[in-house]
Amino acid sequence: MYLIRGLQQRSSGKDANIMATRPEITGRKTQSTVTLMAYSIEQFCQAHGISIDLYFKMQRQGLGPATMKVGSRTLISVEAAAAWRRERESDAKNFTAAE
């Protein structure tokens, strides 16, 4: 195998395929190596398996995660998301213990 201008060629005698390796040619998405330090509201909801409507309902009830404004964006830090999960777990334990 050898590379030619971003293309990879297999020379296997009778079958010489040229395979594109660049994402703009293949249409494949590249894997990001950047670790998220904050979620958008949509990302937070997807990561926690809740709807956006439920997120805003919980925020109105005072049960949502702590948020921060960055410019016009509302973000939720990974630490705030972890604290929110711990609070929800604690409330669930207290609720079942009260029954």
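Okay, so let's go over this structure.

### Digging into the overall build of the chain
Step number 1: Per the secondary structure count, the chain includes four helices and six strands.
Step number 2: Along the chain, from the amino end to the carboxyl end, the secondary structure elements read β-β-β-α-β-α-α-β-β-α.
Step number 3: Looking at the chain as a whole, 20% of its 99 residues are labelled buried.
Step number 4: Restricting the contact set of the chain to residue pairs at least 6 apart, pairs at least 24 apart contribute 34%.
Step number 5: Taken as a whole, the chain presents about 7,900 Å² of accessible surface, with 53% of it coming from carbon and sulfur.

### Re the packing of aromatic side chains
Step number 1: Counting across every chain of the model gives four aromatic pairs.
Step number 2: On the numbers, 6.2 Å between centres and 70 degrees between planes, the contact of Tyr39 with Phe44 is edge-to-face.
Step number 3: On the basis of relative accessible area, Tyr39 is assigned to the buried category, the value being 18%.
Step number 4: A centroid spacing of 5.1 Å and a plane angle of 70 degrees characterise the contact between Phe44 and Trp84, whose relative ring orientation is edge-to-face. Residue Phe44 is found in helix H2 (residues 41-48), and its partner Trp84 is found in helix H4 (residues 78-98); the two are separated by 40 residues along the sequence.
Step number 5: Note on Trp84: relative accessible area 7%, which makes it buried.
Step number 6: In this structure an aromatic cluster arises from ring pairing among Tyr39, Phe44, Tyr55, Phe56 and Trp84.

### What about the pattern of salt bridges?
Step number 1: For the structure on display, the rule yields two salt bridges.
Step number 2: The salt bridge partner of Glu87 is Arg88, with a shortest N-O separation of 3.9 Å.
Step number 3: Note on Glu87: relative accessible area 44%, which makes it partly exposed.
Step number 4: Classification of Arg88 as buried rests on a relative accessible area of 19%.
Step number 5: Close ionic contact of Asp91 with Arg88 constitutes a salt bridge, the shortest N to O distance being 2.4 Å. Of the two residues, Asp91 and Arg88 are both situated in helix H4; the distance of three residues between them amounts to about one turn of the helix.
Step number 6: The structure contains a network of salt bridges with shared partners spanning Glu87, Arg88 and Asp91.

### Considerations on the nonpolar core
Most often, soluble globular proteins have nonpolar side chains that are buried together.
Step number 1: Membership of the largest hydrophobic core is limited to eleven residues, which are Tyr39, Ile41, Phe44, Cys45, Ile50, Tyr55, Met58, Ile76, Ala80, Ala81 and Trp84.
Step number 2: Every element with two or more residues in this core is listed here: H2, helix H3 (52-60) and H4.

### A look at the environment of Ala38
Step number 1: Its place among the elements puts Ala38 in strand S4 (residues 38-40).
Step number 2: Once you skip the residues sitting within four places of it in the chain, Ala38 turns out to touch Gln43, Met68, Leu75, Ile76, Ser77 and Val78.

The rules we used
- Starting from 1, residues in each chain are numbered consecutively following that chain's sequence as written.
- Only residues with pLDDT of 70 or above have their local features reported here, since the model is predicted, and side-chain atom pairs are shown and tallied only from 80 upward, although totals for entire chains, interfaces and linings are computed over all residues.
- Only hydrogens and water are set aside; all other atoms, that is, all heavy atoms of the structure, feed into the side-chain values.
- Secondary structure is summarised from DSSP: a helix means a run of H or I of at least four residues, a strand means a run of E of at least two, and numbering begins at the N terminus for each.
- Each residue is assigned to one of three classes by its accessible area relative to the maximum for its type, calculated with a 1.4 Å probe on protein chains only: buried under 20%, partly exposed between the two thresholds, exposed over 50%.
- Contact criterion: two residues are considered in contact whenever any of their non-hydrogen atoms come within 4.5 Å of each other.
- Shrake-Rupley sampling with a 1.4 Å probe provides the accessible areas, and residues are treated as covered by the protein chains on show and by no other component.
- Only Phe, Tyr and Trp rings are paired, with Trp represented by its six-membered ring, and only when their centres lie within 6.5 Å; those with planes under 30 degrees apart are stacked, over 60 edge-to-face, the remainder tilted.
- Salt bridge, as applied in this entry: a Lys or Arg side-chain nitrogen positioned within 4 Å of an Asp or Glu carboxyl oxygen.
- By convention a nonpolar core is built from buried Ala, Val, Leu, Ile, Met, Phe, Trp, Tyr and Cys residues, the set being connected through side-chain atoms within 4.5 Å.

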